[in-house]
Amino acid sequence: MGYINQGAAMRRYAIIRNLGENFGSKTMEELSGAAAASNTVLAKIDGLQWDHSYITDTGTICIYLAESVEKIIEHSEQSGFPADEIIEVFSVIDPTTAN
């Protein structure tokens, strides 16, 4: 599943970030601050786009479009947010796939 951004092919990735027990109890203000910090770094890296994140009790599962895994690692290093596991997403299915 490829996407085009600024002329380069982008692939979809799920990034698992282990951020500690009870992470899911963070306030919206705390999550907003984390998003702002991430956005500041994202603005400096071409070929990387944050789509959305799922908040779990122990961290996040972030969905990104990226030209390469190296771009995700660069964001992790610059932002201070771990990228404990980076998984390329090859396809998306949902209940309508059965039809």
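No experiment lies behind these values; they were computed from the predicted model shown.

Undergrad: Hey, could you go over the overall build of the protein chain for me, with residue numbers and the actual values?
TA: From N to C terminus, the protein chain includes 2 helices and 5 strands. In sequence order, the secondary structure elements of the protein chain are arranged as β-β-α-β-β-α-β. With the C-alpha coordinates aligned to their principal axes, the bounding extent of the protein chain is approximately 35 × 35 × 20 Å. Put simply, the protein chain has 99 residues, and 28% of those count as buried. Put simply, of all contacts in the protein chain between residues at least 6 apart along the chain, 72% involve residues at least 24 apart. If you sum the accessible surface of the protein chain, you get close to 6,200 Å²; carbon and sulfur atoms cover 52% of it. Taking the average place of the 6 positive charges on the side chains of the protein chain and the average place of its 14 negative ones, the gap between the two points comes to 5 Å.

Rules used throughout
Starting afresh in each chain, residues are numbered from 1 along the sequence in its written order. Given that this is a predicted model, residues contribute local features only at a pLDDT of at least 70 and side-chain atom pairs are listed and counted only at 80 or more, while totals for whole chains, interfaces and linings are drawn from all residues. To get the side-chain values, all heavy atoms of the structure are used, and hydrogens and water are removed first. Strands are runs of DSSP state E lasting at least two residues, helices are runs of H or I lasting at least four, and both sets are numbered from the N terminus onward. Three exposure classes are used, based on accessible area relative to the maximum for each residue type with a 1.4 Å probe and protein chains only: buried under 20%, partly exposed in between, and exposed over 50%. Throughout, a contact is declared for two residues whenever any of their heavy atoms are within 4.5 Å. Computed by Shrake-Rupley with a 1.4 Å probe, the accessible areas treat only the displayed protein chains as cover when residues are assessed. For this count, His and the chain ends are skipped, Lys and Arg are scored as positive, and Asp and Glu as negative. Think of each charge as sitting on NZ of Lys, CZ of Arg, CG of Asp or CD of Glu.

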